[in-house]
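Report on the structure
Residue strings, one per chain:
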Amino acid sequence: MLEAINEWILAQGAQYNVNPYVFVAIYVGAVPFFLASIAWLVKNARAGKSTVLPTMAAGFFFVSAYIYLAIFGQDIPVWVWIFLAALIVYGAVSQIRETRKKIAAAKEGGETP
């Protein structure tokens, strides 16, 4: 059964010209860099420094796997792009709210990020 699932996953990757395991590796591998960027953003906001660079870095790591898909993918159905866009918007809004809470807490001296 696992072999059949693996074959199906690889067939999907071949159909769209992407390696699903590379996609997952990028997706999971970007998480520590994303979290480090958020910590950097909170630290800069707390110190009154510019948050532009850490925000851009966090955004890049947030969408890095989808950048791989956009560059190397072929014939990706439109519904996939719509679904991914919805996930990205939802995730971004959620993360922005969470980061604002952390910044506010850090400025009040309550919690440390």
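Conventions we followed
Here the residue numbers are simple positions, counted from 1 along each chain's written sequence. This being a predicted model, a pLDDT of at least 70 is required before a residue's local features are given, and a value of 80 or more before pairs of side-chain atoms are given or counted; all residues contribute to the totals for chains, interfaces and linings. Heavy atoms from the whole structure form the basis of all side-chain values; hydrogens and water molecules are not counted. One confidence number per residue, pLDDT, is output by the predictor and ranges from 0 to 100. Only DSSP runs of H or I reaching four residues or more are called helices, and only runs of E reaching two or more are called strands; each is numbered from the N terminus. By definition here, a helix of n residues has an expected span of 1.5 Å times n minus one. Categorising residues by exposure relies on relative accessible area from a 1.4 Å probe, with only protein chains included: less than 20% of the type maximum marks a residue as buried, more than 50% marks it as exposed, and the intermediate range marks it as partly exposed. By definition, residues are in contact when any of their heavy atoms lie within 4.5 Å. Where a domain begins and ends is set by an automatic assignment or by a domain database. Here the quantity called buried area is the accessible surface, traced with a 1.4 Å probe, that two parts lose on coming together, added over both. The rule for a salt bridge is simple: a side-chain nitrogen of Lys or Arg has to be within 4 Å of a carboxyl oxygen of Asp or Glu. A 3.5 Å cut-off defines polar contacts: any pair of N or O atoms within that distance qualifies, except that in protein one atom must be a possible hydrogen donor and the other a possible acceptor, and neighbouring residues in sequence count only when both atoms are side-chain atoms. Following the grouping adopted for this structure description, the nonpolar residues are Ala, Val, Leu, Ile, Met, Phe, Trp, Tyr, Cys and Pro, the charged ones are Asp, Glu, Lys and Arg, and the polar ones are all others, Gly among them.

**Some words on the confidence of the model for the protein chain**
Of the residues in the protein chain, 96% reach a pLDDT of 70 or more, and the chain-wide mean stands at 87. For the protein chain, per-element mean pLDDT is lowest for helix H1 (residues 2–16), which scores 84, and highest for helix H3 (residues 31–47), which scores 93.

**Considerations on helix H5 (residues 78–108)**
Spanning 31 residues, H5 covers 45 Å between terminal C-alpha atoms, matching the ideal 45 Å at 1.5 Å per step. Turning to H5, its buried residues are Val80, Leu84, Gly91, Thr99, Ile103, Ala105 and Ala106. Buried residues along H5 sit against H3 and helix H4 (52–72). The positive-phi residue at the C-terminal boundary of H5 is glycine 109, with phi of around 80 degrees.

**Description of the domain arrangement of the protein chain**
Segmenting the protein chain into domains produces domain 1 (1–75) and domain 2 (77–112). The interface of domain 1 with domain 2 comprises 13 residues on the first partner and 12 residues on the second. Between domain 1 and domain 2 lies a buried interface of about 1100 Å² when both sides are counted; carbon and sulfur atoms form 81% of it. At the junction of domain 1 and domain 2, the tally comes to zero salt bridges. Here domain 1 and domain 2 share zero residue pairs in polar contact (both at pLDDT 80 or more) between them. Of all the elements in the fold, those that place two or more residues in the side of domain 1 that touches domain 2 are H3 and H4. Residue contributions to the side of domain 1 that touches domain 2 peak at six residues, all from H3. Looking at side-chain class alone, the side of domain 1 that touches domain 2 contains 11 nonpolar, no polar and two charged residues.

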